[in-house]
Amino acid sequence: MSPREVFALRDHLGPELTGRTISDPRHLLRLSDLTVQSCLAGRSNELDGRAVLLATSGQLLAGLAMIEIDGVARRMLLCPPDLKPEYLASVISDAEIDTVVTDQPERFADCGVDRVLAVGLPREVECRGQTTRATEWLMLTSGTSGVPKIVRHTLEGLCGAIIGDRPAPGASPVWATFYDIRRYGGLQIFLRAIVGGGSMVLSDPDEMLADHVARLKARGVTHMSGTPSHWRKLLMSGAASGFAPRYVRLSGEIADQAVLDGLALAFPNASIGHAYASTEAGVGFAVNDGREGFPAGLLGAGEGPGRDGVDMKVVDGSLRIRSKRAAQAYVGRNAAALTDADGFVDTGDMVELRGDRYYFVGRRNGIINVGGLKVHPEEIEAVINRHPEVRMARAKSRKSPITGGIVVADVVLTEGCDDSHAAGLRDEIVAACRASLAPHKVPAMIRFVPALDVTAAGKLARTDA
Amino acid sequence: MSARLRIIAAMKQIAEEQKVKLPPLADDLTLNETGFDSLAFAILVARLEDDLGVDPFTLAEDAVFPHTVGDFIRAYENVPA
């Protein structure tokens, strides 16, 4: 195959596109400089045909290295920041890793991989890598329990939703995300910036939210993505004032009406969209009408691919997706099949048809069992979140000797709340739940808490459910 | 407030929330006759655990769920401190 037929990231750094940058809290680099510089000391040709674990301490080096490794290595596994050390060996073995690219060589001294290539801030070099192949992109699923699964993508599939999905026309976009770019949701944004001719402003887990927002403003961020939990945190912080993105994107969790309305109020000039995507199924669709759920028409008639080559159906309540943007397979010795015989990925996300719209009700494996009746915590949270004084909520199961479990909820309020007000507020929230939920779904107890934990992947932590 | 009074107060509260018409709570009233369903009892036991710091039905390995209101209250009164 001639190199020109392969689509690689480096081909999107044309020197004619000046003014594009990639930045984190400490560094600001010009993307056009990367055509003559290397973060691998010009040694990327040594990665030709290799199976590379890309494991850097921060996102900037990860992003730079992705640009250099893509099109050279046989495969590249993006190591997320929170991979537990006990899973490293099985990930390396299942992905048949033979080379580690890292700025922390000591971390990989005993991992059984001989070849370690150092990555650092880019400097000018004579020799730059050439695109010779379509590199396999491997990512880890973000599940909170057990060994993460390795999912195999192609760059073409990862970028499948990017062309023709540029919601706000205008000058070259400056993208930012609360996500880490080594996860699917964040990688989508990084790729949008690189492939879509824009700039990229990276997040940093050690940075205070107010400092992060100040940086977003200073860099002129126009397009920003995160989970509903990320966005709720921003709305709650009061730090959003003065930040005026043109496009606000939510993904990774259910975007309920409350958070969509809250964002519309905070960013009156922004187009606000929520996207459905997963590491396995890829980007399914984006919804830009400001309403929770998605039009039933997106499902098509089950007669071959619908819009954008994405085919969706609902079986036993869960959304199934067949798409060119979906991953190609799970990787590893005991890897399960990614799709059913017809090529559909079972997302495990449960939906319900009401009128002409489907609504997400929760994860299949997150169900709370109350005396044999099933409850999705997310449907309760969506009701609680509609209360104007509530910023975010988490419903969970509490063990019961009578019914196995009952529903309780932790609630974060928009403003602090004194004890005299708490009882009345609790009654209002319970009344709202009672009005729209079956009795076993109404929280038996509501606790007001100052904050709720959010995982490294930006999702509401549900581990103690 | 004694355990007995707290239990009765909690039952009245839950009856109101669950729209259950509670008969007079005599000791020999069977739990079935209270009109509480298993969800209402589950909520009651959870709230009493928070209020009294004990759940006698989870604590005991051979827990038998009580038959009457009196049995139910005694289960709380008999828990070793």
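Counting of residues starts from 1 at the beginning of each chain's written sequence and follows it residue by residue. As they are written, the chains are lettered A onward and the ligands numbered 1 onward, keeping that order. Only residues with pLDDT of at least 70 are given local features in this predicted model, and only at 80 or more are side-chain atom pairs given and counted; all residues enter the totals for whole chains, interfaces and linings. Hydrogens are left out, water is left out, and the side-chain values use all remaining heavy atoms of the structure.

**Examining the overall build of chain A**
Alright, step 1. When helices and strands are tallied, chain A shows nine helices and 27 strands.
Alright, step 2. Relative to its length of 465 residues, chain A is compact, with a C-alpha radius of gyration of 23 Å against a globular reference of 23 Å.
Alright, step 3. Along the three orthogonal principal directions, the C-alpha set of chain A runs to about 70 × 50 × 45 Å.
Alright, step 4. A buried classification covers 55% of the 465 residues belonging to chain A.
Alright, step 5. Here, two residues are considered to be in contact whenever any of their heavy atoms come within 4.5 Å of each other. Across chain A, the fraction of contacts at a sequence separation of at least 24, relative to all contacts at a separation of at least 6, is 67%. Secondary structure counts use DSSP, requiring at least four H or I residues in a row for a helix and at least two E residues in a row for a strand, with both numbered from the N terminus. In this treatment the radius of gyration is a C-alpha quantity, and the globule benchmark scales as 2.2 Å times the residue count to the 0.38 power. When a residue's accessible area, from a 1.4 Å probe over protein chains only, is under 20% of the maximum for its type it is buried; when over 50% it is exposed; and in between it is partly exposed.

**Notes on helix α2 (residues 85-94) of chain A**
All names here are of chain A.
Alright, step 1. Of the positions making up α2, those classed as buried are Tyr87, Leu88, Val91, Ile92 and Asp94. Axial view of α2: buried residues confined to an arc of 160 degrees, hence all on one face. Summarising the geometry of α2, the exposed residues directed more than 90 degrees from the buried face are Glu86 and Ala89.
Alright, step 2. Elements that come into contact with the buried residues of α2 comprise β4 (51-55), β5 (75-78), β9 (136-140), β10 (150-154) and β20 (329-331).
Alright, step 3. Of the residues trailing α2, Glu96 is marked for its positive phi of about 55 degrees. It is the directions from the helix axis to the C-beta atoms whose arc is reported.

**What to know about the sheet that holds strand β26 (residues 404-413) of chain A**
Residue and element names in this part refer to chain A.
Alright, step 1. For two strands to pair, DSSP has to find at least two bridges joining them. Overall, mixed pairing links the three strands, which are arranged β25-β26-β27 in an open sheet. This sheet does not close on itself; its edge strands, each paired only once, are β25 (390-400) and β27 (445-448). With direction set aside, neighbouring strand axes in the sheet form an average angle of 25 degrees.
Alright, step 2. Sheet topology note: the β26/β27 ladder contains four bridges and is parallel. By the bridge assignment, Ala409 is partnered in β27 with Ile446. Here, axes are lines fitted to C-alpha atoms. For helices the fit covers the stretch in contact, and angles between N-to-C directions go from 0 to 180 degrees.

**Focus: the layout of surface pockets**
Residues and elements named next belong to chain A.
Alright, step 1. Cavities and pockets were defined on a 1 Å grid built over protein atoms only: a cavity is a set of grid points that admits a 1.4 Å probe from which the probe cannot escape, a pocket is an open set flanked by protein on both sides within 12 Å along at least five of seven lines, and lining residues are those with an atom within 4 Å of any such point. Grid points are joined across faces, edges and corners, and a volume is the space filled by probe spheres set on the points. One number sums up the size of the second largest pocket: a volume of about 740 Å³.
Alright, step 2. Phe178, Ser203, Asp204, Pro205 and Asp206 are the residues nearest the centre of the second largest pocket, which is lined by 32 residues in total.
Alright, step 3. Secondary structure elements with two or more residues in the lining of the second largest pocket: α1 (59-69), α5 (209-218) and α6 (228-237).
Alright, step 4. Note on residue classes: Ala, Val, Leu, Ile, Met, Phe, Trp, Tyr, Cys and Pro are nonpolar, Asp, Glu, Lys and Arg are charged, and everything else, Gly too, is polar. Taken together, the residues of the lining of the second largest pocket break down into 13 nonpolar, nine polar and ten charged.

**Points about the interface of chain A and chain B**
Alright, step 1. Each partner contributes to the interface: chain A provides twelve residues, whereas chain B provides 16 residues.
Alright, step 2. Here chain A and chain B share an interface that buries about 1,100 Å² over both sides, 65% of which is from carbon and sulfur atoms.
Alright, step 3. The largest per-residue losses of area from chain A upon contact with chain B belong to A:Arg398, A:Pro401 and A:Ile402, which jointly make up 42% of the total buried on that side.
Alright, step 4. Salt bridges are defined as contacts in which a side-chain nitrogen from Lys or Arg sits within 4 Å of a carboxyl oxygen from Asp or Glu. If you look at where chain A meets chain B, you find two salt bridges.
Alright, step 5. The salt bridge involving A:Arg398 is made with B:Glu49; its shortest N-O contact spans 2.8 Å. A quick way to say it: buried area is the sum, across both parts, of accessible area lost when two parts are put together, with a 1.4 Å probe.

**Brief notes about the nonpolar core**
Alright, step 1. Among buried residues, those of type Ala, Val, Leu, Ile, Met, Phe, Trp, Tyr and Cys that are joined through side-chain atoms within 4.5 Å constitute a nonpolar core. Counting 49 residues, the largest nonpolar core has A:Ile384, A:Val411, B:Phe36, B:Leu44, B:Phe72 and B:Tyr76 as the members making the most contacts within it.
Alright, step 2. By residue number, the principal contributor to this core is helix α2 (residues 38-52) of chain B, which donates nine residues.
Alright, step 3. Not counting chain neighbours up to four residues away, the residues in contact with B:Leu44 comprise B:Ile7, B:Ala10, B:Met11, B:Ile14, B:Phe36 and B:Phe72.
Alright, step 4. In this structure, A:Leu60, A:Leu61, A:Ala193 and A:Met200 belong to the second largest nonpolar core, which totals 47 residues.

**Quick look at the packing of aromatic side chains**
Both the distance between ring centres and the angle between the ring planes are used here to describe each pair of aromatic rings.
All names here are of chain A.
Alright, step 1. Here a pair means two rings of Phe, Tyr or Trp (six-membered ring of Trp) with centres within 6.5 Å. Their orientation is stacked below 30 degrees between planes, edge-to-face above 60, and tilted elsewhere. All told, the structure shown has 14 aromatic pairs over all chains when counted by the stated rule.
Alright, step 2. Between Trp175 and Tyr247, the aromatic rings sit 6.1 Å apart at their centres with planes inclined by 90 degrees, giving edge-to-face as the arrangement. Of this pair, Trp175 sits in strand β11 (residues 174-177) while Tyr247 sits in strand β14 (residues 247-250); the two residues are 72 residues apart in sequence, bridging distant segments of the chain. Of the two residues, Trp175 and Tyr247, neither departs from the other in class, the shared state being buried.
Alright, step 3. Ring geometry for Phe285 against Phe294: centres 4.6 Å apart, planes inclined by 45 degrees, an arrangement best described as tilted.
Alright, step 4. For Phe294, a relative accessible area of 0% corresponds to the buried category.
Alright, step 5. Here the aromatic cluster, defined as three or more aromatic residues joined through ring pairs, consists of Tyr276, Phe285, Phe294, Tyr358 and Phe360.

**Observations concerning the domain arrangement of chain A**
By a frequent convention, interface size equals the accessible area lost on bringing the separate parts together.
Residues and elements named next belong to chain A.
Alright, step 1. As annotated, the domain borders come from an automatic or database domain assignment. When cut into domains, chain A gives domain 1 (3-354) and domain 2 (367-448).
Alright, step 2. Computed from C-alpha coordinates alone, the two centres of domain 1 and domain 2 are separated by 34 Å.
Alright, step 3. Between domain 1 and domain 2, the residue contacts involve eight residues of the former and nine residues of the latter.
Alright, step 4. Between domain 1 and domain 2 lies a buried interface of about 810 Å² when both sides are counted; carbon and sulfur atoms form 68% of it.
Alright, step 5. Think of a polar contact as two N or O atoms within 3.5 Å of one another; within protein, one of them needs to be a possible hydrogen donor and the other a possible acceptor, and neighboring residues in sequence only count if both atoms come from side chains. On the surface where domain 1 and domain 2 come into contact, there are one residue pair in polar contact (both at pLDDT 80 or more).
Alright, step 6. Considering each element in turn, the side of domain 1 that touches domain 2 owes the most residues, four residues, to α6.
Alright, step 7. Here the side of domain 1 that touches domain 2 is built from residues that sort into five nonpolar, one polar and two charged.

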